Amino acid sequence: MSAQHHALKDRLSTSREIKITVTGRKSGRPISIPIWFVFDEDLYLLPVQGSDTQWYKNALKNPSIRVRAGGAEAEFKAVPITDLAKVATVIEKFRSKYGSGDVKKYYSKFDVAVLAQMQ
């Protein structure tokens, strides 16, 4: 693992929010957005509007994403999780970290999740 990945892992363990950068599927331009995440050996992302979420659609077309937390950043590959049992496991991780009330308030569709794999 690179020093870049080590630094990012340290930040992930203490951050509440990360910034991801995806490539626009129509524009081809980088788009950065702040999102919630769960990190426990693996990095999981949960699109707020499920498969209707714009960044998720962009990541399907170009799975190479950049993840930034606390000044550290690295390249990841976005791997869609569509198996509902696995998606449910990720949702539980989000509820544990952020509280079920906030997850219910901010997330409207629970059909997909994303595993971000270090490149």
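Further up the page is the structure itself.
Residues numbered from 1 in each chain as written. Predicted model: local features only at pLDDT ≥ 70, side-chain atom pairs only at ≥ 80, totals over all residues. Heavy atoms only, no water.

S.K.: Is there a simple way to think about the overall build of the chain in this case?
M.R.: Within the chain, the regular secondary structure consists of four helices and seven strands. In sequence order, the chain lays out its α and β elements as α-β-β-β-β-α-β-β-α-α-β. Relative to the globule expectation of 14 Å for 119 residues, the C-alpha radius of gyration of the chain, 13 Å, shows essentially globular dimensions. If one aligns the C-alpha atoms of the chain with their principal axes, the spans along those axes are about 35 × 35 × 20 Å. By residue count, 36% of the 119 residues in the chain fall in the buried class. For the chain, contacts bridging at least 24 residues in sequence account for 67% of all contacts bridging at least 6. For the chain, the accessible area works out to roughly 6500 Å², and carbon and sulfur atoms hold 50% of it. Charge separation in the chain, taken as the distance between the mean sites of 19 positive and 12 negative side-chain charges, equals 6 Å. (Helix = DSSP H or I, 4+ residues; strand = E, 2+ residues; numbered from the N terminus. Rg over C-alpha atoms; globule rule 2.2 N^0.38 Å. Buried < 20%, exposed > 50% of the residue type's maximum accessible area, 1.4 Å probe, protein only. Contact = heavy atoms within 4.5 Å. Areas by Shrake-Rupley, 256 points an atom, 1.4 Å probe, with all protein chains shown as cover. Lys, Arg positive; Asp, Glu negative; His and termini not counted. Charge placed at Lys NZ, Arg CZ, Asp CG, Glu CD.)

S.K.: Help me understand the pattern of salt bridges, please; the structure alone is not making it clear to me.
M.R.: Opposite charge on two side chains lets them pair, provided their charged atoms get close. In total, this model carries eight salt bridges according to the counting rule given. The residue Arg 95 makes a salt bridge to Glu 92 at a minimum N-O spacing of 2.8 Å. Here Arg 95 and its partner Glu 92 are both found in helix α3 (residues 84-98), three residues apart, which amounts to about one turn of the helix. Glu 92 gets classed as partly exposed once you look at its relative accessible area, which sits at 43%. Of the charged contacts, one joins Asp 111 and Lys 109 as a salt bridge, the two residues approaching to 3.8 Å between their closest N and O atoms. You can call Asp 111 partly exposed: its relative accessible area is 22%. Judged by its relative accessible area of 29%, Lys 109 is partly exposed. Salt bridges sharing common partners tie together Arg 66, Arg 68, Glu 73 and Glu 75. (Salt bridge = Lys/Arg side-chain N within 4 Å of Asp/Glu carboxyl O.)

S.K.: Whenever I open this one, the sheet that holds strand β2 (residues 30-35) confuses me. Can you help?
M.R.: Strand order in the open sheet formed by seven strands is β2-β1-β5-β6-β7-β4-β3, and the pairing between neighbours is antiparallel. Where the open sheet ends on each side, the last strands, each with one partner, are β2 and β3 (37-40). Sheet twist, expressed as the mean angle between neighbouring strand axes with direction ignored, is 30 degrees. The pairing of strand β1 (residues 18-23) with β2 spans six bridges and is antiparallel. Note that in β2 the partner of Lys 19 across the bridge is Pro 34. Across the face of the sheet, helix α1 (residues 3-12) comes into contact with β1, β3, β4 (42-45), β5 (64-69), β6 (72-81) and β7 (113-118) while running at roughly 75 degrees to β6. In the packing of α3 onto the sheet, contacts are made with β3, β4, β6 and β7, and the angle to β3 comes to roughly 95 degrees. (Pairing = 2+ DSSP bridges. Axes fitted to C-alpha atoms, helices over the stretch in contact; angles between N-to-C directions.)

S.K.: So what exactly am I meant to see when it comes to the layout of surface pockets here?
M.R.: In this model, the largest pocket occupies a volume close to 160 Å³. Lining the largest pocket are Glu 17, Pro 34, Ile 35, Trp 36, Leu 46, Val 48, Thr 53, Trp 55, Tyr 106 and Tyr 107. Among the residues making up the lining of the largest pocket, the classes are represented as eight nonpolar, one polar and one charged. (1 Å grid on protein atoms, 1.4 Å probe; cavity = no way out; pocket = protein on both sides within 12 Å on 5 of 7 lines; lining within 4 Å. Points joined across faces, edges and corners; volume = space filled by probe spheres on them. Nonpolar A, V, L, I, M, F, W, Y, C, P; charged D, E, K, R; others polar.)

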